[in-house]
Amino acid sequence: MIEVKDLSKTYIRAGAKSKKTAGSSVAGLKAVTFQVREGEVFGLLGPNGAGKTTVIRHLMGFIKADAGYARIHELDCWHNSKEVKALVGYLPGEMNFLKEMSGLEFLNLMAGMHGDRPVFFQRRAALAEDLDLNLKQPIKKMSKGMKQKLGIINTLMLDAEVLILDEPTSGLDPLMQKVFIDLVLEEKKRGKTILISSHMFPEIERTCDQVGMIRAGELVAVEEIQKLRQEQQRTFEIVVETPEQAEFIFQSGLKVSRVQENQVIVEIQGDLNPLLKTLAQVQVREFTQKMTELEEAFMFFYERGEGFEQGIIPGHV
Ligand SMILES: Nc1ncnc2c1ncn2[C@@H]1O[C@H](COP(=O)(O)OP(=O)(O)OP(=O)(O)O)[C@@H](O)[C@H]1O
Ligand SMILES: [Mg+2]
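Attention in this report is confined to the structure presented alongside it. (Residues numbered from 1 in each chain as written. Chains lettered and ligands numbered in written order. Predicted model: local features only at pLDDT ≥ 70, side-chain atom pairs only at ≥ 80, totals over all residues. Heavy atoms only, no water.)

**Describing the site of ligand 1**
At step 1: Ligand 1 sits among Tyr-11, Val-26, Pro-47, Asn-48, Gly-49, Ala-50, Gly-51, Lys-52, Thr-53, Thr-54, Glu-167 and His-199.
At step 2: Note that an oxygen atom of ligand 1 is positioned 2.9 Å from one of the backbone N or O atoms of Gly-51.
At step 3: Take Glu-167: an N or O atom from its side chain is 3.1 Å from an oxygen atom of ligand 1.
At step 4: Alone, ligand 1 offers 630 Å² of accessible surface; in the complex the protein occludes 63% of this.
At step 5: Most atoms of ligand 1, that is more than half of them, are within 2 Å of grid points of the second largest pocket.
At step 6: If you tally residues by element for the shell around ligand 1, the top one is helix α1 (residues 52-59), at three residues. (Near = heavy atom within 4 Å. Polar contact = N/O pair within 3.5 Å; in protein donor to acceptor, adjacent residues only side chain to side chain. Areas by Shrake-Rupley, 256 points an atom, 1.4 Å probe, with all protein chains shown as cover. 1 Å grid on protein atoms, 1.4 Å probe; cavity = no way out; pocket = protein on both sides within 12 Å on 5 of 7 lines; lining within 4 Å. Sits in = over half its atoms within 2 Å of the grid points. Helix = DSSP H or I, 4+ residues; strand = E, 2+ residues; numbered from the N terminus.)

**Observations regarding the sheet that holds strand β12 (residues 255-260)**
At step 1: Strand order in the open sheet formed by four strands is β12-β13-β11-β14, and the pairing between neighbours is antiparallel. Only two strands of the sheet have a single partner each, and these edge strands are β12 and β14 (284-289). The sheet shows a mean angle of 20° between the axes of neighbouring strands, direction not considered.
At step 2: Of the strand pairs in this sheet, strand β11 (residues 233-240) and β14 are connected by five bridges, and their pairing is antiparallel. Pairing of Ile-238 across the sheet is with Phe-287, part of β14. (Pairing = 2+ DSSP bridges. Axes fitted to C-alpha atoms, helices over the stretch in contact; angles between N-to-C directions.)

**Some thoughts on the pattern of salt bridges**
At step 1: On inspection of all chains with the given rule, the structure shows 16 salt bridges.
At step 2: Two residues, Lys-30 and Glu-218, come together in a salt bridge whose shortest N-O distance is 3.6 Å. Linking Lys-30 in strand β2 (residues 25-36) with Glu-218 in strand β10 (residues 218-224), this pair joins segments that are 188 residues apart in sequence.
At step 3: Using a relative accessible area of 38% as the deciding quantity, one classes Lys-30 as partly exposed.
At step 4: Look at Glu-218 and you get partly exposed, because its relative accessible area is 39%.
At step 5: Here Asp-209 ties to Lys-188 by a salt bridge, and the two come within 2.9 Å at their closest N and O atoms. With Asp-209 in the loop between α7 (201-207) and β9 (210-215) and Lys-188 in helix α6 (residues 174-189), the pair connects residues that are 21 residues apart, well separated along the chain. (Salt bridge = Lys/Arg side-chain N within 4 Å of Asp/Glu carboxyl O. Buried < 20%, exposed > 50% of the residue type's maximum accessible area, 1.4 Å probe, protein only.)

**Overview of the packing of helix α3 (residues 103-113) against helix α5 (residues 144-157)**
Helix packing geometry: the angle between the two helix axes and the distance between the axes.
At step 1: The contact between α3 and α5 brings their axes to 11 Å, and the two run at 25°. Taken together, the axes of α3 and α5 lie roughly parallel to each other. In the crossing of α3 with α5, the sense of the turn from one axis to the other is right-handed. Residue-level contacts link Gly-103, Phe-106, Leu-107, Met-110 and Ala-111 of α3 to Leu-150, Ile-153, Asn-154 and Met-157 of α5.
At step 2: Looking at the contact of α3 with α5 residue by residue, the class counts come to seven nonpolar, two polar and no charged. (Parallel < 35°, antiparallel > 145°, perpendicular 65-115°, else oblique. Left-handed = near helix turned anticlockwise from the far one by under 90°. Contact = heavy atoms within 4.5 Å. Nonpolar A, V, L, I, M, F, W, Y, C, P; charged D, E, K, R; others polar.)

**Side note on the nonpolar core**
At step 1: Core analysis: the biggest nonpolar cluster contains 42 residues, and Phe-106, Leu-150 and Ile-153 have the highest contact counts within it.
At step 2: Those residues within four positions of Ile-153 in sequence are excluded, and the remaining contacts are Leu-107, Arg-124, Leu-127, Ala-128, Leu-131, Leu-133 and Leu-135.
At step 3: Counting residues in hydrophobic clusters, the runner-up holds 26 residues, among them Val-32, Val-55, Cys-77 and Ile-214. (Core = buried A, V, L, I, M, F, W, Y, C linked by side-chain atoms within 4.5 Å.)

Okay, here's the thing in structure tokens:
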């Protein structure tokens, strides 16, 4: 449904102040290639300035690639940008609203531009309730998060086949981030094809089938979340009431990496039930999940720009 092939873009630094920097270029994208199948959710994950918005702007037909192409539904996003835009529900990273309007007036305007289908109004009401946004408020009195909610309502109410969301949870509080994740899962159930850009691994992990990691314009890895999840190892630190109970966990057949008095470190791959069954037989005082290997790998990726391509996760090269 979405196909990006060898997409490359070099930005020429405009308005350079000295001769030295005049005409210097910035690599926007370097031969980025990935595909999103119909009904799948794809997460584009990477630090600030990595190239996420640049990929999205090519998909929306706002900029022309130097090489390669972006296609949606087999339509070239640059040459057929009008048809592509009609297929896509797009949430920009930064929205410019007509500030004199209320949320409701803005959404009426957008619904009108897309043919005023009754479904828009049903969806709008449900979304405003889920996201807890008062649409009657003037936009100029809305906070950053409220404007983000308005943008999300606008994008989702139009019920497009393909959704392209540029950092959709930016500005949302943790409760609303959770509501948003549920909305994405709902759209996925309805068969939508979705591309989400983000800095945050947890929201990508919860919603996406595949994650593409981008850094300095290069897509350094594309992984299936399901596979990552199955193979990932989770580490738990458990404090029980007595050293005998710690010993009981040690003897239970679980993979215990350390026992110290009444504290145990347990490593679990995949199914959590054996751990929970064992813990049901002791008195647990503290139970903490340490950062997962995956999260550690992502932190490493952010800090050093390496890891995934070197197979830091076992079995992933
Ligand atoms: N119009 C432009 N002119 C020149 N350089 C640009 C332009 N747009 C983006 N860039 C550069 O391209 C690179 C990628 O930017 P992009 O906006 O795609 O990053 P991003 O991954 O979306 O980052 P963020 O997480 O901060 O939104 C950056 O180095 C940026 O400076
Ligand atoms: Mg961006």
